[in-house]
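# Coordinate inspection notes
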Amino acid sequence: MKNEYLALKLLNSEKTIFIKMKQVFRLFHEQITYAWEQRKLGNIGSTYTGLSGKNKDDFGHGDAKFITYLNIFNNAIADPEQLESIEIDPKQNEIKYGDIFFTTSSETPEEVGMSSIWLQNQANVYLNSFCFGYRPIIDIDPYFMAFNLRSESIRKKFMFLAQGISRYNISKNKVMEMEICLPCLAEQKKIGAFFFKLDNLITLQQRKYIFQIT
């Protein structure tokens, strides 16, 4: 319980979660190693586009679904309940388990390039047109990537790539040149499982707090 208390204290905000990622992990896993490898995103995965060739009449009906911009922006792990309807279209890129999504524009540089990962096996689900998809070609733990891509160090890299005045955009090619740190897969799984469990614990505590004040 002492370790959980210390972890919750460090993780009392989303920003702190990612800043303290490795420090908090050490509270529970003393055997963690720091031989993390630098890999360019473009060398370990490929990109694809979101919905194309659509107009407003194509949305709001149909047997297919698509992931919205806000779902990606708000969730490190995409929420399968926050999907909207569209007709099935075999010309579109269908998303798969483990795919990662990035927002391409925002009103501020701090909010550009927000990432989200898809952890469902669901047919006929597409990506909105204001984001691009990324599919790893090597074994990567999805939970680790969900937290890693929203870490402070990675967010700073996205802010550096942001270009614009009234609205900021990022280049997909530049994102693919970005380097991230990866430990071995076994260590990724430990870190990913830890933060997934801890994130659920924080969510539970937040719900209890909301219940108490309502």
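Note that this is a predicted model, so its numbers are computed, not measured.

## With respect to the overall build of the protein
Helix and strand counts for the protein come out as nine helices and 12 strands. Residues counted as buried form 42% of the 214 residues belonging to the protein. For the protein, contacts bridging at least 24 residues in sequence account for 77% of all contacts bridging at least 6. For the protein, the accessible area works out to roughly 12200 Å², and carbon and sulfur atoms hold 51% of it.

## Digging into the nonpolar core
Grouped together as the largest cluster of nonpolar side chains are 31 residues, with contacts concentrated most on L41, M145, V175 and I180. When contributions to this core are tallied by element, the ones reaching two or more residues are helix 4 (41-44), strand 5 (100-103), strand 9 (131-136), helix 6 (142-148), helix 7 (152-161), helix 8 (172-176), strand 12 (179-182) and helix 9 (185-213). The contact partners of I180, leaving out residues within four places of it in the chain, are E37, Q38, R39, L41, I44, M145, N148, L149 and I154. If you look at the next biggest cluster of nonpolar residues, it comprises 14 residues, including I67, F73, M114 and C131.

## Observations regarding the sheet that holds strand 3 (residues 59-67)
Reading across from one edge, 4-3-8 is the order of the three strands in this open sheet, with mixed pairing throughout. The outermost strands of the open sheet, each flanked by one partner alone, are strand 4 (83-86) and strand 8 (125-127). The average angle at which neighbouring strand axes cross in this sheet is 60°, direction not considered. Looking at chain direction, strand 3 and strand 4 are connected through five bridges and run antiparallel. Within the sheet, the bridge partner assigned to F59 lies in strand 4 and is I86.

## Re the sheet that holds strand 10 (residues 163-164)
Spatially, the three strands line up as an open sheet ordered 6-11-10, and their pairing is antiparallel. With partners counted over all chains shown, the strands left at the sheet margins are strand 6 (105-106) and strand 10, one partner each. Where strand 6 and strand 11 (residues 168-169) come together, two bridges link them in antiparallel fashion. Bridge pairing links S105 to N169 in strand 11.

Thresholds, definitions, all that
- Residues numbered from 1 in each chain as written.
- Predicted model: local features only at pLDDT ≥ 70, side-chain atom pairs only at ≥ 80, totals over all residues.
- Heavy atoms only, no water.
- Helix = DSSP H or I, 4+ residues; strand = E, 2+ residues; numbered from the N terminus.
- Buried < 20%, exposed > 50% of the residue type's maximum accessible area, 1.4 Å probe, protein only.
- Contact = heavy atoms within 4.5 Å.
- Areas by Shrake-Rupley, 256 points an atom, 1.4 Å probe, with all protein chains shown as cover.
- Core = buried A, V, L, I, M, F, W, Y, C linked by side-chain atoms within 4.5 Å.
- Pairing = 2+ DSSP bridges.
- Axes fitted to C-alpha atoms, helices over the stretch in contact; angles between N-to-C directions.

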